[in-house]
Amino acid sequence: MFEKNTKQVNYMIARILGICTVAILAMVIGSALGVFEFGQTYTKITLIAGLFITISPGLLIRILPDHVMKYYMLTIMAVFIGIIGTSNHVGVYITYILVPIFSCLYFEPKVVIRMELISYVIMLLSIYVSTATKYEVVYEHMDRLSIFVAYALGYTIEYLIVSVVLYDIVKRAKRMMEERFSAEEENRKKSRFLSSMSHEIRTPMNAIIGMADVALRKDMTEDIRKCLTIIRSSSAGLLEIINDILDLSKIEAGKFNIIEDIYSTDGLLDEMKAVIDARNMEKKVPIYYHVQKMPAYLTGDAVRIRQVMLNYASNAIKYTEQGRIDIYVDCRKQDADTVLLGYRVKDTGQGVRQEDIGKLFTMYSQFNQEENHGKEGTGIGLAISKSFVDCMGGTVGVDSVYGEGSTFSFQIPQKIADPAVVTEKPQAKENIRTETEEIFGYRTRNTRILLVDDNRINREVVKDLLEPLAATIDEAKDGKEAVDSAWRVTYDLIFMDSHMPVMNGEEATIQIRSGQDGKNRTTPIIAITADAIAGVREKLLETGMNDYIVKPIDEKIIGDMIRKYLPDDKIIDIK
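The model shown is predicted, which means the values in this text are computed figures rather than measured ones.

Looking only at helices and strands, one finds 16 helices and 15 strands in the protein. The contacts in the protein between residues at least 6 apart in sequence include a share of 72% that link residues at least 24 apart. Carbon together with sulfur atoms contributes 58% to the accessible area of the protein, which is approximately 30400 Å² in total.

Rendered as structure tokens:
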């Protein structure tokens, strides 16, 4: 931290001295051209010396080490100011004030002390030179030494006061910076730990959720189906907690980014309803949707918007034992290109006391813990939701009456990608969840897929999830095997894990894209990884991958991904 600060301050002082160089050159050239005349020879000598002093830092700053340049530049700055101050006392003041002040920028008390001593010596020399003029003009009855001692004593008292104050300021500032740096480092360590923990947990979660989905397709007794449904639901709840922890680590590390893209409002609402209904299967609280006309396509971060929507709805389901839940979605036009996307969730749950409302969107806030004992939650969901909405330029709101219910809302500005209007949804109509006979709604024709993952269970999960598609799936347990297969066989799609032994997914993708025979150079490669931290998606896409799926793998997401990248002649729609 302090090394970086030293480099920055060095360059700043070098630039300041560079400006002085320009000024001195202008005076020297002006004197040579006769624009103005310097009356004394030592003034010209001073200008030439000053020119050397101010030029040298710019020449040496890239050669000498930073810690050497630190003292060199401060010293020559003191010398330069001292030379200028030899003809008047203003330069003396500047010498013993400016140089220690510049030394404070390094946030090192020892540097301040050393530069105070150096500037003090230069100050005394400046005073001694100045006394010659004073002796001749003002103090004719005093000898030069007496004048020097009188001025030196006065300046020394002021100098000591300034020095003590500057030293104390720098000492306190350094301590505060060290404490801040230590706290930031602890946050970075915590964020790295949370990200690593999330990655490790997602791998077994992928097997649990994936195999539960596969098993639920089979014929079985109702008791076994009920057990599997509970496993699937509980796993999804655990995954939400993992996602919240990961989002929290991103926010605290300052690595959270909003990723804007064009999205379908119809698709956003359909996905929202499907997940809300799935979470409501156990409690079966009546949920009514009120959706107004909306543009068909908007530009924004649909993933984060959906996450906030689901967080609000999940809380309403969690705290509503009887009554109903109403969900309102609307778009109010702000101008020709922008709308204000509004979302409200109104429930008849237990509500929140007035004294607790102001704490709702803060981290780790859980109220009425005795009353809410047994209800799942980390206390960070609403705070994370607010962070998302704030990053998207929106606002959150809450209105609650204890014992009667609550209304949570948010508004987010979104750009209109397509001015067309979605068909208006039925108003105040209870949503009914339906099951389709087919998982994906399509099958594939003559499709060959390469699945690359070092974990055998993960490969089994993906193969079982994709079984209804009737595709041929080849396997590879590391990047090297993937490259060998891709150079021999032409695939329609490649699913590539990122972290693998022997050769990772990024290296494998680069080699596949550079294949000399042309096989799979343009084949869609989809990353499958447990890394959900900020920047991973961009990093993977830079290597030549086309898209990105985060573990645990959702069967709908992977189904939509395959349909997106397969050509139409490979798809057989199921009517």
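So, next bit.
As summarised here, the arrangement of the five strands in space is β11-β10-β12-β13-β14, forming an open sheet in which the pairing is parallel. The outermost strands of the open sheet, each flanked by one partner alone, are β11 (472-476) and β14 (547-550). With strand direction ignored, the average angle separating the axes of adjacent strands in the sheet is 20 degrees. As paired elements, strand β10 (residues 448-452) and strand β12 (residues 493-497) share four bridges and run parallel to each other.

The next thing to look at is the packing of helix α9 (residues 302-319) against helix α11 (residues 381-391). Between α9 and α11, the shortest axis-to-axis distance is 10 Å and the interhelical angle comes to 150 degrees. One way to sum up the angle between α9 and α11 is to call them roughly antiparallel. Here the hand of the crossing between α9 and α11 comes out left-handed. Residues Arg 304, Gln 307, Val 308, Asn 311, Tyr 312 and Asn 315 of α9 pack against Gly 381, Leu 382, Ser 385, Phe 388 and Val 389 of α11. A class-by-class count of the residues in the contact of α9 with α11 yields five nonpolar, five polar and one charged.

Right, let's get into the nonpolar core. Within the largest apolar cluster, 42 residues are counted, with the highest numbers of intra-cluster contacts made by Ile 276, Ile 305, Tyr 312, Ile 327, Tyr 343 and Phe 410. Among the secondary structure elements, those contributing two or more residues to this core are α8 (265-279), β2 (287-291), α9, β4 (325-333), β5 (338-347), α11 and β7 (405-421). Among the elements that take part in this core, α9 stands out by supplying nine residues, more than any other. When neighbours within four sequence positions are excluded, Tyr 312 is seen to be in contact with Tyr 343, Val 345, Phe 361, Leu 382, Ser 385, Val 396, Phe 408, Ser 409 and Phe 410. Residues Phe 440, Val 461, Val 462 and Leu 566 belong to the second largest nonpolar core, which totals 25 residues.

So, on to the pairing of β2. For a regular strand, side-chain orientation follows a simple rule: the groups alternate between the two sheet faces. Among the five residues in β2, five count as buried, and that is most of the element. Where burial is concerned, the two faces of β2 agree: the one with Ile 287, Tyr 289 and Val 291 and the one with Tyr 288 and His 290 are both buried. Pairing between β2 and β4: five bridges, direction parallel. The residue bridging His 290 from the neighbouring strand is Tyr 328, located in β4.

A few words now on the packing of aromatic side chains. On inspection of all chains with the given rule, the structure shows four aromatic pairs. Over the face of the ring belonging to Tyr 289 we find Lys 273, whose NZ or CZ atom lies 5.0 Å from the ring centre. We note Arg 353 situated over the ring of Tyr 402; from NZ or CZ to the ring centre the distance is 4.3 Å.

Attention now moves to α8. Look at α8: 21 Å from first C-alpha to last across 15 residues, which is about the 21 Å you get at 1.5 Å a residue. Of the positions making up α8, those classed as buried are Thr 265, Leu 268, Leu 269, Met 272, Lys 273, Ile 276 and Asp 277. Take α8 and look down its axis: the buried residues cluster within an arc of 155 degrees, on one side only. Buried residues belonging to α8 abut β1 (261-264), β2, β3 (295-300), α9, β4 and β5.

Attention shifts here to the packing of helix α13 (residues 479-488) against helix α14 (residues 505-513). Axis separation between α13 and α14 bottoms out at 9 Å; the angle between their running directions is 20 degrees. In terms of orientation, α13 and α14 fall into the roughly parallel class. Between α13 and α14 the crossing geometry is right-handed. Contacts between α13 and α14 involve Gly 479, Ala 482, Val 483, Ala 486 and Trp 487 from the former and Ala 508, Gln 511 and Ile 512 from the latter. Per-class residue counts for the contact of α13 with α14 are six nonpolar, two polar and no charged.

Another aspect to go through is a nonpolar patch on the surface. A contiguous nonpolar surface patch, about 410 Å² in accessible area, is contributed by Leu 25, Ile 29, Leu 33 and Val 35. The topology assignment puts Val 35 in the loop between α1 (2-32) and α2 (41-60).

Residue position: Ile 231 is located in helix α7 (residues 222-253). Using a relative accessible area of 42% as the deciding quantity, one classes Ile 231 as partly exposed. Put simply, Ile 231 and Ala 212 are 19 residues apart on the chain and 7.2 Å apart in space, counted from C-alpha to C-alpha.

Following the sequence through the fold, Arg 456 ends up in helix α12 (residues 456-465). Among the residues examined, Arg 456 registers a relative accessible area of 54% and is labelled exposed. In sequence terms Arg 456 and Glu 475 are 19 residues apart; their C-alpha atoms lie 9.5 Å from each other.

Here the protein averages 78 in pLDDT, while 81% of its residues score no lower than 70. When the elements of the protein are averaged for pLDDT, strand β8 (residues 429-430) gives the smallest value, 42, and β10 the largest, 94. pLDDT under 50 marks residues 425-437. Its contacts with residues more than four places away, or in other chains, come to 25 contacts.

One ladder, built from nine bridges, connects β4 with β5; its direction is antiparallel. Within β5, the residue paired with Arg 332 across the bridge is Leu 340. Counted along the chain from β4 to the antiparallel partner β5, the turn is four residues long.

Attention now goes to the pattern of salt bridges. When the charged atoms of two side chains with opposite charge come close together, those side chains can pair. Under the counting rule described, the total for this entry stands at 14 salt bridges. Taking the shortest distance from any N to any O, the salt bridge between Asp 330 and Arg 332 comes out at 3.6 Å. Relative accessible area serves as the criterion here: at 13%, Asp 330 is assigned to the buried category. Note that Lys 564 is salt-bridged to Asp 547, the shortest N-O span being 3.1 Å. Residue Lys 564 is located in helix α16 (residues 555-565), and its partner Asp 547 is located in strand β14; the two are separated by 17 residues in the primary sequence. Linked through salt bridges whose partners overlap, the residues forming this network are Arg 459, Lys 463 and Glu 475.

The rules behind these values
- Residues numbered from 1 in each chain as written.
- Predicted model: local features only at pLDDT ≥ 70, side-chain atom pairs only at ≥ 80, totals over all residues.
- Heavy atoms only, no water.
- Helix = DSSP H or I, 4+ residues; strand = E, 2+ residues; numbered from the N terminus.
- Contact = heavy atoms within 4.5 Å.
- Areas by Shrake-Rupley, 256 points an atom, 1.4 Å probe, with all protein chains shown as cover.
- Pairing = 2+ DSSP bridges.
- Axes fitted to C-alpha atoms, helices over the stretch in contact; angles between N-to-C directions.
- Parallel < 35°, antiparallel > 145°, perpendicular 65-115°, else oblique.
- Left-handed = near helix turned anticlockwise from the far one by under 90°.
- Nonpolar A, V, L, I, M, F, W, Y, C, P; charged D, E, K, R; others polar.
- Core = buried A, V, L, I, M, F, W, Y, C linked by side-chain atoms within 4.5 Å.
- Buried < 20%, exposed > 50% of the residue type's maximum accessible area, 1.4 Å probe, protein only.
- Phe/Tyr/Trp six-rings, centres within 6.5 Å; stacked < 30°, edge-to-face > 60°.
- Lys NZ or Arg CZ within 6 Å of the ring centre and 35° of its normal.
- Expected span 1.5 Å × (residues − 1).
- Arc of directions from axis to C-beta.
- Patch = residues over 30% accessible without salt bridge, like charges linked within 9 Å, V, L, I, M, F, W, Y side chains within 5 Å.
- Salt bridge = Lys/Arg side-chain N within 4 Å of Asp/Glu carboxyl O.
- pLDDT = per-residue confidence, 0-100.

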